[in-house]
Amino acid sequence: MKRPGTYSGILSGGISGRTGPHLLPLARIKKIMKKSNDDVKMITGEAPIVFSKACELFIEEITKRAWNITLQGKRRTLCKEDVASAVITTDIFDFLVNLVSDSAKSEESQLTTKA
Amino acid sequence: MVEEQDKLLPIANIGRIMKRILPRNAKISKEAKETVQECVSEFISFVTSEASDKCHKENRKTVNGDDICWALSTLGFDNFSDIMLRYLQKFREFERQKAEQNKASSSEERGEVTSNGFGLQPVASASLEFGILEKGGSSSAKQK
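Not measured: the values here are computed from a predicted model.

Colleague: It is not clear to me how the packing of helix 3 (residues 46-72) of chain A against helix 4 (residues 65-74) of chain B should be interpreted in this structure. Could you clarify?
Modeller: Packed helix pairs are characterised by how far apart their axes lie and by the angle those axes make with each other. Here helix 3 of chain A crosses helix 4 of chain B at 35°, and the two axes come no closer than 8 Å. Together, E46, A47, V50, F51 and A54 of chain A of helix 3 of chain A and G65, D66, I68, C69 and L72 of chain B of helix 4 of chain B make up the contact between the two elements. Within the contact of helix 3 of chain A with helix 4 of chain B, the residues separate by chemical class into 7 nonpolar, 1 polar and 2 charged.

Shown next, in the form of structure tokens:
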């Protein structure tokens, strides 16, 4: 009896967001990895799985730090600016500084054009 | 539009992970989730580039889990790297055990070789619990 390819199902990202034991779709992770660099041509099956866990840790870390800033402002809603501040104040998130300041700048320019 | 979404992980999944570590009454704005969504993609690209450069220098064509762990460590994500190495070990052990079980259970059944050539067996509903690692890493993976 041939078993359905559960693992290949997980690799393909699954339908309607089913991702097996992983919280993030492996196929999407693989796509992002391939787009990052032209040299990236082959990736082992375990690499997206490693990233799935690493991304969870990353999201948790950035969320924790952002939430601290939310609390300092005596608020209960974590907002975009809190995420930006968390990025700016954390050394290892230096690579994200341009990303968060770009989105802040585009918002600023939207406000000035409205005026 | 569709191409844009391909570069990002689903916002629902990201939101779930964020909510998991916050107090129950905490709220997260949509824009905050979108920002984190973009940051995660950048994180993946950043780490993958580093791992890929290493492979290139060592004349290897395939980026593997160890390369990712090495890149994480090099880029300052030391604590992630430690957790990831243990996770990777457990995963490989789990896959090896699965492969041995499958071989033993049926001599006719051929191992399913996925496109990556890793020879990974289909993983049943048994989840590789992150809890195993967080408890300090027991020597054998427990299956539920």
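After presenting the structure, the write-up continues.
Colleague: When you look at the UniProt feature "domain: Transcription factor CBF/NF-Y/archaeal histone" (unreviewed entry) in chain A in this model, what are you seeing that I'm missing?
Modeller: UniProt records the feature "domain: Transcription factor CBF/NF-Y/archaeal histone" (unreviewed entry) for residues 24-87 of chain A in the present numbering. Secondary structure over residues 24-87 of chain A splits into 72% helix and 6% strand, and the C-alpha atoms at its two ends are 22 Å apart.

Colleague: What should I look at first to understand the UniProt feature "domain: Transcription factor CBF/NF-Y/archaeal histone" (unreviewed entry) in chain B in this one?
Modeller: The sites that carry the UniProt feature "domain: Transcription factor CBF/NF-Y/archaeal histone" (unreviewed entry) are, in the present numbering, residues 9-72 of chain B. What you have in residues 9-72 of chain B is 72% helix and 6% strand, and the ends, taken at the C-alpha atoms, are 19 Å apart.

Colleague: When you look at helix 5 (residues 78-105) of chain B in this model, what are you seeing that I'm missing?
Modeller: Every α-helical turn comprises 3.6 residues, leaving residues that sit three or four positions apart pointing alike. Here helix 5 of chain B is 28 residues long and its end C-alpha atoms lie 40 Å apart, about the 40 Å a rise of 1.5 Å per residue gives. Of all the residues in helix 5 of chain B, the buried ones are F80, S81, M84, Y87, L88, K90, F91, F94, E95, K98 and N102 of chain B.

Colleague: What's the story with the packing of helix 3 of chain A against helix 2 (residues 11-20) of chain B in this structure? I'm lost.
Modeller: Taken N-terminus to C-terminus, the directions of helix 3 of chain A and helix 2 of chain B make an angle of 55°; their axes are 9 Å apart at the nearest point. As judged from the angle between their axes, helix 3 of chain A and helix 2 of chain B are oblique. Crossing hand, helix 3 of chain A versus helix 2 of chain B: right-handed. For the pair formed by helix 3 of chain A and helix 2 of chain B, the contact residues are E56, I59, E60 and T63 of chain A on the first element and I14, I17, M18 and R20 of chain B on the second. Tallied by class, residues from the contact of helix 3 of chain A with helix 2 of chain B come to 4 nonpolar, 1 polar and 3 charged.

Colleague: Even after reading the chapter, I still don't get the side chain of Q37 of chain B, so can you show me in this structure?
Modeller: Residue and element names in this part refer to chain B. Structurally, Q37 can be placed in helix 3 (residues 30-57). Of the residues examined, Q37 reaches a relative accessible area of 6% and is grouped as buried. If we ignore the near neighbours within four places in the chain, the residues touching Q37 are L8, L9, P10, I11 and I14.

Reading the values: rules and limits
- Residues numbered from 1 in each chain as written.
- Chains lettered and ligands numbered in written order.
- Predicted model: local features only at pLDDT ≥ 70, side-chain atom pairs only at ≥ 80, totals over all residues.
- Heavy atoms only, no water.
- Axes fitted to C-alpha atoms, helices over the stretch in contact; angles between N-to-C directions.
- Helix = DSSP H or I, 4+ residues; strand = E, 2+ residues; numbered from the N terminus.
- Contact = heavy atoms within 4.5 Å.
- Nonpolar A, V, L, I, M, F, W, Y, C, P; charged D, E, K, R; others polar.
- UniProt positions renumbered as here; feature names shortened; annotations may be inferred.
- Expected span 1.5 Å × (residues − 1).
- Buried < 20%, exposed > 50% of the residue type's maximum accessible area, 1.4 Å probe, protein only.
- Parallel < 35°, antiparallel > 145°, perpendicular 65-115°, else oblique.
- Left-handed = near helix turned anticlockwise from the far one by under 90°.

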